[in-house]
Amino acid sequence: MFAVGVLVIIATIIAIIKRYEAKLVLFIAGLLMTIVAGQFNVAIETFTNSMVNKGLVPVICSVMGFAFVMKKTECDIHLVHLLADHIKKYVILLIPSAVIITWLVNIALPTAAGCAAAVGIVLIPTLIKAGVHPVIAASCILAGTWGSVLNPGTVHNPFIAKIANTDPMSIVLEHTPAASAGVLVIAVALTIVAYIKKENTGYVSEYMEEDNENFKVHYIKAFIPVLPLLLLVLGSKQINVIPNMSVLQAMLIGTFVAFIVTRVSPSKITKEFCEGMGNGYGSVVTLIVAAAVFVAGMQSLGIVDSLIEYMKNSQGMAKVAAAWGPFLITVLSGSGDAVSLAFNGAITPFAADFGLESSNLGSLAYLSGGLGRSMCPVAPVSIICAQLAGVETMDMAKRNAIPAVLALLTVMFIL
């Protein structure tokens, strides 16, 4: 049965790489493994329990609801313009600033594709008009679309927090130093790549995007996307300046403030928030459910136990697997969430058995998946950036390859 399980896992990885629907692939693989093990009911029970996970569903759905409201009220655009207006003054810092700004915006707007669209529509024309080559301009945005690792409401932070028996904000604060160092490394390394290839300046183009020169930033609107995050940080156990609140409470407060400031119809605000929650459940929660069934399948065949026993005898192997496994598979498939969730569900709960902390191991797998996506030519976010700049995704992947690997090594060293 172990051999059958290994074959199913290999087939699963190949299917994800070939860009078959990740949820379908994970679910069928998990279901098949439980059937082989004669434990079909395990898959059904896991599926049912994961659908109503009280620790994950409210968090994920509320974050997506808030993101939809930010888009509807255009608060996200004001935030992007506010940040973009400042980097225009410092040409030498254009490339690293673009990466870091995208990364920071992605914290407040945690979907990679949504962040790339919101930031790219402003920053890519700004960079190109300043003489930066389009492929570097697009690569900057792609290289920064993993800042969501610092958002406590993303799927992974609550998932890791549940495994580590702590709260999502504690997980975020724990891997903040590694993530911050990683983004600085990838920003500086990409700048060096641009200088070596002489793509940092001198580019002349007829790039005719909508002129945003006269856009007037509303500072209060620009602040609203980061308000929930600020509330969560100030109310965390480590800072404790204001009463502690849940992610759902913070997102609802942010939504209410957006309504007060923007005066958008309450019915439209409500509709967007509800649509966002539905999107979060349909696109994210269901992925968690499928990953849980996949893990249950591996457990039913004894694969997880075998891996644990192997890693007990080689403590460093778990850390290497957490770093390079999700990274390499995501580079090939673009499906970082599926890979990181599968790893964290199967291996991270047993981190103590091989001398590691579950929070560190889980964070490493999460961050490595995000970094892998930043150099993946087939990820949706890569396609969005490429279309905005009029370049090929493979060219972006080549520019980001060395920076992403260096950032991963940095994150791995710190964690």
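For the structure itself, look to the data block above.
Predicted, not measured: the structure shown is a model, and the values here were computed from it.

A. Representation of the nonpolar core in the model. Counting residues in each nonpolar core, the largest one holds 132 residues, and the members touching the most others are Trp146, Ile186, Met298 and Leu367. Top element by residues in this core is helix H14 (residues 266-300). It accounts for 12 residues. Sequence-distant contacts of tryptophan 146, defined by excluding residues within four places in its chain, comprise Trp103, Asn106, Ala179, Gly182, Val183, Ile186, Leu367, Gly370, Leu371 and Arg373.

B. Examining helix H9 (residues 156-164) more closely. Within H9 the residues assigned to the buried category are His156, Asn157, Pro158, Phe159, Ile160 and Ala161. Buried residues along H9 sit against helix H4 (57-73), helix H10 (168-196), helix H17 (336-346) and helix H18 (358-373). Backbone geometry just after H9 places asparagine 165 at a positive phi near 60°.

C. Representation of the side chain of threonine 145. Turning to its location among the elements, threonine 145 is positioned in the loop between helix H8 (134-143) and H9. Assessed through its relative accessible area of 1%, threonine 145 is described here as buried. Not counting the four nearest positions on each side in its chain, threonine 145 is found in contact with Thr102, Asn106, Ala112, Ala116, Arg373 and Val381.

D. Geometry of the pattern of salt bridges. A complete count under the given rule lists two salt bridges for this structure. Here glutamate 21 and lysine 23 are joined by a salt bridge, their closest N and O atoms 3.1 Å apart. You can call glutamate 21 partly exposed: its relative accessible area is 42%. Judged by relative accessible area, lysine 23 falls into the partly exposed class, the value being 25%. For glutamate 199, the salt bridge is made with arginine 399, and the minimal N-O distance between the two is 2.8 Å. You can see glutamate 199 sitting in the loop between H10 and helix H11 (219-223) and its partner arginine 399 sitting in helix H20 (residues 393-414), a full 200 residues away along the chain. Residue classification places arginine 399 among the buried residues on the basis of a relative accessible area of 11%.

E. Structural view of the side chain of threonine 330. Assignment of secondary structure puts threonine 330 in helix H16 (residues 315-333). Within the structure, the side chain of threonine 330 is placed 2.5 Å from the backbone oxygen of proline 326, a separation counted as a polar contact.

F. Spatial organisation of the environment of isoleucine 160. Residue position: isoleucine 160 is located in helix H9. Judged by relative accessible area, isoleucine 160 falls into the buried class, the value being 0%. With 245 residues separating them in the primary sequence, isoleucine 160 and valine 405 have C-alpha atoms 23 Å apart. Among all residues touching isoleucine 160, those that are not within four sequence positions of it are Ile171, Asn344, Ser358, Ser359, Gly362, Ser363 and Tyr366.

G. Here's a closer look at the environment of phenylalanine 273. Turning to its location among the elements, phenylalanine 273 is positioned in helix H14. Residue phenylalanine 273 is classed as buried on the basis of its relative accessible area, which comes to 8%. Sequence-wise, phenylalanine 273 and valine 69 are 204 residues apart; in three dimensions their C-alpha atoms are separated by 5.8 Å.

H. Broad picture of the packing of aromatic side chains. Under the definition given, this model contains four aromatic pairs. Residues phenylalanine 27 and phenylalanine 47 carry aromatic rings whose centres are separated by 5.6 Å and whose planes lie at 70° to one another, so their mutual orientation is edge-to-face. Residue phenylalanine 27 is found in helix H2 (residues 22-36), and its partner phenylalanine 47 is found in helix H3 (residues 40-51); the two are separated by 20 residues along the sequence. What makes phenylalanine 47 partly exposed here is its relative accessible area of 32%.

Calculation notes
Residues numbered from 1 in each chain as written. Predicted model: local features only at pLDDT ≥ 70, side-chain atom pairs only at ≥ 80, totals over all residues. Heavy atoms only, no water. Core = buried A, V, L, I, M, F, W, Y, C linked by side-chain atoms within 4.5 Å. Buried < 20%, exposed > 50% of the residue type's maximum accessible area, 1.4 Å probe, protein only. Helix = DSSP H or I, 4+ residues; strand = E, 2+ residues; numbered from the N terminus. Contact = heavy atoms within 4.5 Å. Salt bridge = Lys/Arg side-chain N within 4 Å of Asp/Glu carboxyl O. Polar contact = N/O pair within 3.5 Å; in protein donor to acceptor, adjacent residues only side chain to side chain. Phe/Tyr/Trp six-rings, centres within 6.5 Å; stacked < 30°, edge-to-face > 60°.

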